[in-house]
Amino acid sequence: GNYIKTIGQRANVIDSSFLMVARPRERFLDVKRLFTTTLEIEAVEILDKYTATYVFIRKNQGIPGFVKGNCFSKEYENNEVLIYSKSSLCRVRKI
C-alpha cells in the first residue's frame, strides 16, 4: 500500500498505517477476503466498497482465483508482482 500511495500517487485500501483509519478491523477482513476469494463478484464488491480499481499481488503469496474472470485484466507483471485492473463495466448493485 505504501508503494501505491508514494509512487503511484493513488489512494490505497490498506498499508502499514491502516490502524489509523476508520474501522480498521473491517478493512483488514475485507482485504483478507479479497485475496482468498475465488468469486469474481465478491472481489468486485469489495473493490467497489473502497472505490479501488487496481489489485497489487505479490506472486509469492499466490494468485487469487477471481483474477481469471472477465472483470479483471493484467496490467503489469514482473518476477515479484502482478497488477490487475478491474473493468469499470463490472459493478455490483444492491437492489
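Refer to the structure printed above.
Presented here is a report on the structure given in the accompanying data block. (Residues numbered from 1 in each chain as written. Predicted model: local features only at pLDDT ≥ 70, side-chain atom pairs only at ≥ 80, totals over all residues. Heavy atoms only, no water.)

Focus on the sheet that holds strand β3 (residues 81–86)
Whether parallel or antiparallel, the strands of a sheet pair through hydrogen bonds between backbone atoms. Put simply, the test is: In short, DSSP must find at least two bridges between two strands for them to pair. To qualify as a helix, a DSSP run of H or I must reach at least 4 residues; to qualify as a strand, a run of E must reach at least 2; elements of each kind are numbered from the N terminus. Orientation is described by lines fitted to C-alpha atoms, with helices fitted over the stretch in contact, and by angles between N-to-C directions that extend from 0 to 180 degrees. Any pair of residues with heavy atoms lying within 4.5 Å of one another is described as a contacting pair.
Taken together, the three strands give an open sheet; going across it, the order is β1-β3-β2, and neighbouring strands pair in antiparallel fashion. Each of the sheet's edge strands pairs with one partner strand only, and the pair in question is β1 (54–58) and β2 (72–77). When the angles between neighbouring strand axes are averaged without regard to direction, this sheet yields 25 degrees. As paired elements, β2 and β3 share five bridges and run antiparallel to each other. Looking at the pairing, Phe72 lines up with Lys86 of β3. Packed on one face of the sheet, helix α3 (residues 40–49) meets β1, β2 and β3 and runs near 70 degrees to β2.

A look at the side chain of Lys86
Stated precisely, the cut-off is as follows: Residue exposure (1.4 Å probe, protein chains only): buried if accessible area is under 20% of the type maximum, exposed if over 50%, otherwise partly exposed. N or O atoms closer than or at 3.5 Å make up a polar contact, with two conditions inside protein: a donor-capable atom paired with an acceptor-capable one, and, for residues adjacent in sequence, both atoms drawn from side chains.
Among the secondary structure elements, Lys86 is positioned in strand β3. Accessibility expressed as a relative area gives 10% for Lys86, which makes it buried. In terms of polar contacts, Lys86 uses its side chain to reach the side chain of Asp48, at 3.0 Å.

What about unusual backbone geometry?
With phi around 50 degrees, Thr51 is a residue other than glycine that occupies positive phi space. Of note, Thr51 is situated in the loop between α3 and β1.

Without other data, these values stay purely geometric and don't point to any function.
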